[in-house]
Amino acid sequence: MQALKNLLSPLSGNSNPIQDTLKLVVIGGTVETARRASVSAWNGFIDSFFLTAHFSQEDYPYDWLMHWLSKAGQPAWGRSREFDITTRSVSRHGLTQKTTGDLEDENEDEEESSEFQQGGGRRRKVAIVPSMDTTHTIYYRGHWLRITRTKRFQDYGSCAELKISVVARNNDILKRLVLEAKREYEKDAEHRVHIFMADTTYGCWRWNGARQKRPMSSIVLEPGVKDMILADCKDFLSSEDWCALRLSTCIPFRRGYLLHGVPGSGKTSLIHSLAGELGLDIYVVSLSSKGMSDNTLTTLMGNVPSRCILLLEDLDAAFTRGISRDETSTGAPTSSSSTSSSSSKGKEKDDNDGSTLSLSGLLNSLDGVAAAEGRLLFATTNHIERLDPALSRPGRMDVWVNFKHATKWQAEGIFKCFFPARPSSTAAASAPKSAAEPGASTAAKGAKHPADATSSANLAESKRKRAAHSVPLLSEEEISDLARRFADAIPENELSVAALQGYLLRNKTRPRECVDEVAAWVISEREMREKLKREKEERETKEKKEAEEKAKKEVGYVFITCLVWGADGEPPIQKEEAEAKEVL
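Below is a short write-up of the structure. (Residues numbered from 1 in each chain as written. Predicted model: local features only at pLDDT ≥ 70, side-chain atom pairs only at ≥ 80, totals over all residues. Heavy atoms only, no water.)

## What about a nonpolar patch on the surface?
Okay, so step 1: On the surface, a cluster of nonpolar side chains totalling about 430 Å² of accessible area is made up of Trp42, Phe45, Phe49 and Val167.
Okay, so step 2: You can see Phe45 is positioned in helix α2 (residues 17-47). (Patch = residues over 30% accessible without salt bridge, like charges linked within 9 Å, V, L, I, M, F, W, Y side chains within 5 Å. Areas by Shrake-Rupley, 256 points an atom, 1.4 Å probe, with all protein chains shown as cover. Salt bridge = Lys/Arg side-chain N within 4 Å of Asp/Glu carboxyl O. Helix = DSSP H or I, 4+ residues; strand = E, 2+ residues; numbered from the N terminus.)

Below is the structure:
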């Protein structure tokens with residue numbers, strides 16, 4: 001009791017001020033310490049019942065959970081009390097995030113509520129997205145989940161994070177949540193191919209977007225080529241256990257494909273289609289990008305995940321001097337433009353300072369000690385003769401595929417892919433359901449074998465409305481006859497597949513007129529190529545003449561300088577003075 005009175009003595013007026021001040025400090029410190037200790041103990045007691053999982057935007061589970069939370073099945077996420085209104089409702093994985101709180105115009109007609117406007121532009125949808133640094137509570141399988149989104153700033157930009165807390169004895173509920181989100185994500189993303197680009201600044205991979213899958217039936221190659229590549233890829237992906245059992249024989253679990261040939265023959269399109277058919281992501285690396293070095297490439301190759309497609313495009317143009325040990329072999333066409341003066345060489349050297357990649361570094365990154373396994377390497381080139389034999393040898397490039405200009409067989413197949421055939425009465429009666437599906441793709445109707453039909457059936461249906469000037473549906477007999485006539489008018493191995501595709505795109509609603517005008521188009525293409533060839537020759541001749549004249553001027557300048565200065569290197573005035581001194 002006396003101690004309490006001593007403590008409360010500062011409140012009375014009859015006491016020492018210094019002692020009272022010290023007593024107040026002690027009382028305040030004791031109370032604040034007790035408060036902090038109690039709060040910390042209470043938070044520790046509460047947190048002991050919570051299980052917390054953290055998800056970073058740089059990893060796939062973040063995409064799974066954000067997609068799962070954004071679906072209409074989570075109304076609490078869309079009815080957040082603190083939110084952002086935005087039109088950028090497309091997530092990092094390319095899937096549209098639609099919540100129950102999205103704003104929609106009730107007065108909009110059904111025809112006008114489509115994704116695309118009448119003129120072809122995409123309509124902007126206003127979405128409600130929960131704000132950052134706010135905690136949201138949702139109910140999931142008998143548990144209340146606390147979800148918080150935060151943003152962490154790094155050297156190369158910001159990175160979002162997701163924190164989920166739940167009251168549970170073990171982490172089974174969180175495991176079930178992640179697995180369910182993964183299944184939902186894969187179900188909605190199965191029709192897309194994810195593209196990753198190499199970031200040479202930080203030596204990592206950056207997500208670049210998601211592309212719609214392309215059916216294998218839309219790729220028209222020579223008979224057997226497409227099936228051979230697809231079967232080889234599937235056989236490699238299924239032989240992981242076989243390679244693991246034979247580690248003693250040093251058989252690496254890697255496979256390389258070299259696609260070479262003329263430009264516009266479908267090399268990149270085939271890779272895109274294979275990625276969709278096999279369900280793999282594509283990792284693209286540009287060897288000529290600024291900052292690319294041996295160490296950077298080795299780091300990137302080591303971080304490539306297993307079971308993916310690693311793409312090296314235009315391998316022959318990766319370096320200015322080409323990928324060859326021979327210094328006389330250039331990556332650019334050998335013309336007079338390459339024989340320039342010393343000033344142009346210095347400028348070219350400055351342009352190449354951004355990439356210090358060497359052939360040795362490229363070879364070591366492909367099959368060195370630190371090279372990743374389980375990936376499919378695809379390299380494309382238009383000039384295989386410019387590649388070093390060590391780069392294109394088996395073990396690095398196991399399968400070579402030559403892409404040539406379009407043949408008549410390819411022309412006929414491409415025509416059938418562009419123009420659908422009206423289903424016959426027998427086929428419509430046997431398969432009314434498939435005939436009634438509006439999303440059946442044109443490529444599926446032009447499939448040559450069951451594998452193509454299966455690939456086309458797995459594609460997502462298009463959300464675009466049918467245009468008013470849709471393609472007329474002709475009978476199968478008429479389409480076959482038009483395709484044969486179109487193929488007969490196409491010269492063998494002269495025009496590229498890209499050129500045929502461009503012509504068919506311009507006439508996509510005129511199948512009959514397309515066949516009637518193809519002969520005139522072939523003539524115009526030949527004339528255009530001849531004109532471009534003549535212009536190129538004239539330009540090269542002019543550049544060569546200018547280089548010769550410049551070289552003559554430089555030689556004349558050097559000759560005149562030698563005459564003026566004399567053979568012994570002394571100026572003529574000093575030479576005359578020395579001769580006069582000798583005479584005196």
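## Notes on the packing of helix α3 (residues 60-70) against helix α5 (residues 172-189)
Okay, so step 1: Between α3 and α5, whose axes approach to 8 Å, the crossing angle comes to 80 degrees. Overall, the two elements α3 and α5 adopt an arrangement that is roughly perpendicular. Two secondary-structure elements touch here, α3 through Asp63, Trp64, Leu65, His67 and Trp68 and α5 through Leu177, Val178, Glu180, Ala181, Lys182, Glu184, Tyr185 and Asp188.
Okay, so step 2: Of the residues assigned to the contact of α3 with α5, the class counts are seven nonpolar, one polar and five charged. (Axes fitted to C-alpha atoms, helices over the stretch in contact; angles between N-to-C directions. Parallel < 35°, antiparallel > 145°, perpendicular 65-115°, else oblique. Contact = heavy atoms within 4.5 Å. Nonpolar A, V, L, I, M, F, W, Y, C, P; charged D, E, K, R; others polar.)

## What about the packing of aromatic side chains?
Okay, so step 1: All chains considered together, the criterion is met by nine aromatic pairs.
Okay, so step 2: Judged by centre distance (4.6 Å) and plane angle (10 degrees), the ring pair of Phe196 and Tyr283 falls under stacked. Within this pair, whereas Phe196 is found in strand β7 (residues 192-199), its partner Tyr283 is found in strand β10 (residues 282-284), the two being separated by 87 residues in sequence.
Okay, so step 3: Its relative accessible area of 6% is what places Tyr283 among the buried residues. (Phe/Tyr/Trp six-rings, centres within 6.5 Å; stacked < 30°, edge-to-face > 60°. Buried < 20%, exposed > 50% of the residue type's maximum accessible area, 1.4 Å probe, protein only.)

## Comments concerning the nonpolar core
Okay, so step 1: Leu270, Ile282, Ile309, Leu376 and Phe378 are the most contacted members of the largest nonpolar core, which totals 28 residues.
Okay, so step 2: For this core, the secondary structure elements donating two or more residues are β7, α6 (225-237), β9 (255-261), α8 (267-278), β10, β11 (309-312), β12 (376-381) and β13 (399-403).
Okay, so step 3: In contact with Ile309, other than residues within four places in its own chain, are Ile271, Leu274, Ala275, Leu280, Asp281, Ile282, Tyr283, Leu376 and Phe378.
Okay, so step 4: Among the nonpolar cores identified, the runner-up in size contains 27 residues, and Val285, Leu300, Leu366 and Ala379 belong to it. (Core = buried A, V, L, I, M, F, W, Y, C linked by side-chain atoms within 4.5 Å.)

## Looking at helix α18 (residues 476-489)
Okay, so step 1: Taking 1.5 Å per residue as the helical rise, α18 with its 14 residues ought to reach 20 Å, and the 20 Å between its terminal C-alpha atoms agrees with that figure.
Okay, so step 2: The complete set of buried residues in α18 reads Ile479, Ser480, Leu482, Ala483, Phe486 and Ala487. Viewed along the axis of α18, the buried residues span an arc of 165 degrees, placing them on a single side of the element. Exposed and oriented more than 90 degrees from the buried face of α18 are Glu477 and Asp488. (Expected span 1.5 Å × (residues − 1). Arc of directions from axis to C-beta.)

## Observations concerning the pattern of salt bridges
Okay, so step 1: Scanning the model with the defined rule gives 14 salt bridges in all.
Okay, so step 2: Where Glu32 meets Arg35, a salt bridge forms, and the shortest distance between an N and an O atom there is 2.7 Å. One end of the pair, Glu32, and the other, Arg35, are both in helix α2, three residues apart, so they sit about a helical turn from each other.
Okay, so step 3: Between Glu32 and Arg36 there is a salt bridge whose closest N-O contact spans 2.8 Å. You can see Glu32 and its partner Arg36 sitting in helix α2, four residues apart, about one turn around the helix.
Okay, so step 4: One connected set of salt bridges, linked through shared partners, spans Glu32, Arg35 and Arg36.

## Quick look at the sheet that holds β12
Okay, so step 1: Read from one edge of the open sheet, seven strands run β8-β7-β10-β11-β12-β9-β13, paired in mixed fashion. The open sheet terminates on both sides in strands that have one partner only, identified here as β8 (204-212) and β13. Ignoring which end each strand starts from, the neighbouring axes of this sheet average 25 degrees apart.
Okay, so step 2: The sheet contact formed by β7 and β8 spans eight bridges and is antiparallel. Across the sheet, Val193 pairs through a bridge with Arg211, a residue of β8.
Okay, so step 3: Along the sheet, α8 contacts β7, β8, β9, β10, β11, β12 and β13; its crossing angle with β12, the most-contacted strand, is approximately 165 degrees. (Pairing = 2+ DSSP bridges.)

Shape descriptors only; they carry no functional weight alone.
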